[in-house]
Amino acid sequence: MTKPLDGLIVVSLEQAVAAPYCSCRLADAGARVIKLERPEGDFARAYDRAAKGESAYFVWLNRGKESIAVDLKTAGDLALVQRMIAKADVFIQNLAPGAAQRLGLGSERLRQADPRLITCDISGYGESGPYAQMKAYDLLVQAESGLASITGRPEGPGRVGVSVCDIACGMYAYQAILEALLRRGRTGQGAGLAASLFSGMADWMTVPLLHNDYGPGAPQRVGLNHPSIAPYGVYSCARREDSEDQEIVICIQNEREWVRFAGQVLKQPGLVDDPRFHDNTARVENRDALDREIERCFKARDRAAVVALLEAADIAFGSVNSPADLSAHPQLRRVMVETRAGPIELVAPPVAERGVAPDLGSVPALDAQGAALRQEFGA
């Protein structure tokens, strides 16, 4: 079956996570993605050896691409890359700030030569401003953007356990490239795009920022609770001798659910009229008292009994799962990809097209297509 981006060529001078995430999604959609790697390879290849000896990061983010190792300090390889870009629809790069321009691969120069080209420069903090030359890794941007300050428990800030700043940036870059391709289809004109880890995470931080700028102040760290909705978090049930699983997460989104929760689960319909709990704002302000009422009910029952009450009242709930639990989760969809170490099961693409099975390319070894690409794009 024809894929949406079949026939398009993407050249990506990429490393780490953000740019490879973007180009991986383009490859999934059918684009031919040529991954330019330094002679020793994308350093993400050496992040770990978790996936049959291969890097989990690299396997996840580089399926369906062609790999060529190039040394851009040599005139021959630089000219080769320029010939590739001359035939490309999209050029992505996430080198250190200014490095692409020094190599003659700056966005403006490339688009002057080919106005139909779509370029996407990915950086840590953007192309201008006092932080433009700062190195930016995911942890640093989690801290700089304020994300770490609202993540974790009251005792101290925490890091989100996956590379959210890289992923957000890669998602925004992918979205912007698709939009630029649609516009080019109407106008014939390409685009010069710029995405950064900081800008992506700043967008995700909009609600805490608005609370800080216009409200009573930024949300405080509350662990698995929600800073501005209550009850909305994790609670413990009575422990059974044959099970250690006594935690349960509940989410009350509106007043109708609160009425059912108070009456049918807590068996205290009078709480609805209690001035401490009569609306969400009051419940957040009196979270400690509310939690005591919930704990009194939940700790008198094991998890199965609490689940039965929640289901009867149509209240949303869930489990605090581990990666091992996710691996066995009945809702997890997987897809097989080939690597030089053998087939590996990955999480299937999040969006499923009805009636179409995911068809993902293999993960390339370093310079796997180098000889063929050098012949194809030779002088």
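Please refer to the structure higher up on the page.
Calculation rules
Residues numbered from 1 in each chain as written. Predicted model: local features only at pLDDT ≥ 70, side-chain atom pairs only at ≥ 80, totals over all residues. Heavy atoms only, no water. Helix = DSSP H or I, 4+ residues; strand = E, 2+ residues; numbered from the N terminus. Buried < 20%, exposed > 50% of the residue type's maximum accessible area, 1.4 Å probe, protein only. Core = buried A, V, L, I, M, F, W, Y, C linked by side-chain atoms within 4.5 Å. Contact = heavy atoms within 4.5 Å. 1 Å grid on protein atoms, 1.4 Å probe; cavity = no way out; pocket = protein on both sides within 12 Å on 5 of 7 lines; lining within 4 Å. Points joined across faces, edges and corners; volume = space filled by probe spheres on them. Nonpolar A, V, L, I, M, F, W, Y, C, P; charged D, E, K, R; others polar. Arc of directions from axis to C-beta. Polar contact = N/O pair within 3.5 Å; in protein donor to acceptor, adjacent residues only side chain to side chain.

K.L.:
If you had to explain unusual backbone geometry to someone new, which residues and values would you point to?
P.N.:
Across residues other than glycine, the phi torsion is negative in most instances, and most of the peptide bonds are trans. Put simply, Ala-230 and Pro-231 share a cis peptide bond, and its omega is -5°. Inspection of the secondary structure assignment puts Pro-231 in the loop between α9 (206-214) and β9 (232-236). Here the phi dihedral of Asp-314 falls at roughly 60°; this positive angle occurs in a residue that is not glycine. Following the sequence through the fold, Asp-314 ends up in the loop between α13 (303-312) and β11 (316-318). The exposure class assigned to Asp-314 is exposed, which follows from its relative accessible area of 55%.

K.L.:
Please give an account of the nonpolar core that cites residues and values.
P.N.:
Leu-26, Ile-92, Ile-122 and Ile-177 are the most contacted members of the largest nonpolar core, which has 34 residues in total. Looking at this core element by element, the count peaks at 8 residues for helix α7 (residues 164-187). Sequence-distant contacts of Ile-92, that is, excluding residues within four places in its chain, are made with Val-10, Val-11, Ser-12, Leu-13, Ala-19, Cys-22, Ser-23, Leu-26, Cys-120, Ile-122 and Ile-177.

K.L.:
Pulling in residues and values, what's your account of the layout of surface pockets?
P.N.:
If you add up the space inside the largest pocket, you get close to 970 Å³. Lining the largest pocket are 39 residues, with Gln-15, Arg-38, Asn-94, Leu-95 and Ala-96 positioned closest to its centre. Elements represented by at least two residues in the lining of the largest pocket include exactly β2 (32-37), β5 (118-123) and α6 (138-144). For the lining of the largest pocket, the class distribution of residues is 22 nonpolar, 6 polar and 11 charged.

K.L.:
With reference to specific residues and values, describe helix α10 (residues 255-265).
P.N.:
Glu-257, Trp-258, Phe-261, Ala-262 and Val-265 are the residues of α10 that are buried. Seen along its axis, α10 keeps its buried residues to an arc of 130°; they face one direction. Summarising the contacts, the buried residues of α10 are in contact with β10 (247-251), α11 (280-285), α12 (287-298) and α13. Measuring from the backbone nitrogen of Arg-256 back to the side-chain oxygen at the start of α10 gives 3.2 Å, which picks out Asn-254 as the cap. Just beyond α10, the residue with positive phi is Lys-267, at close to 60°.

Remember that the coordinates give geometry; whether it matters functionally is a separate question.
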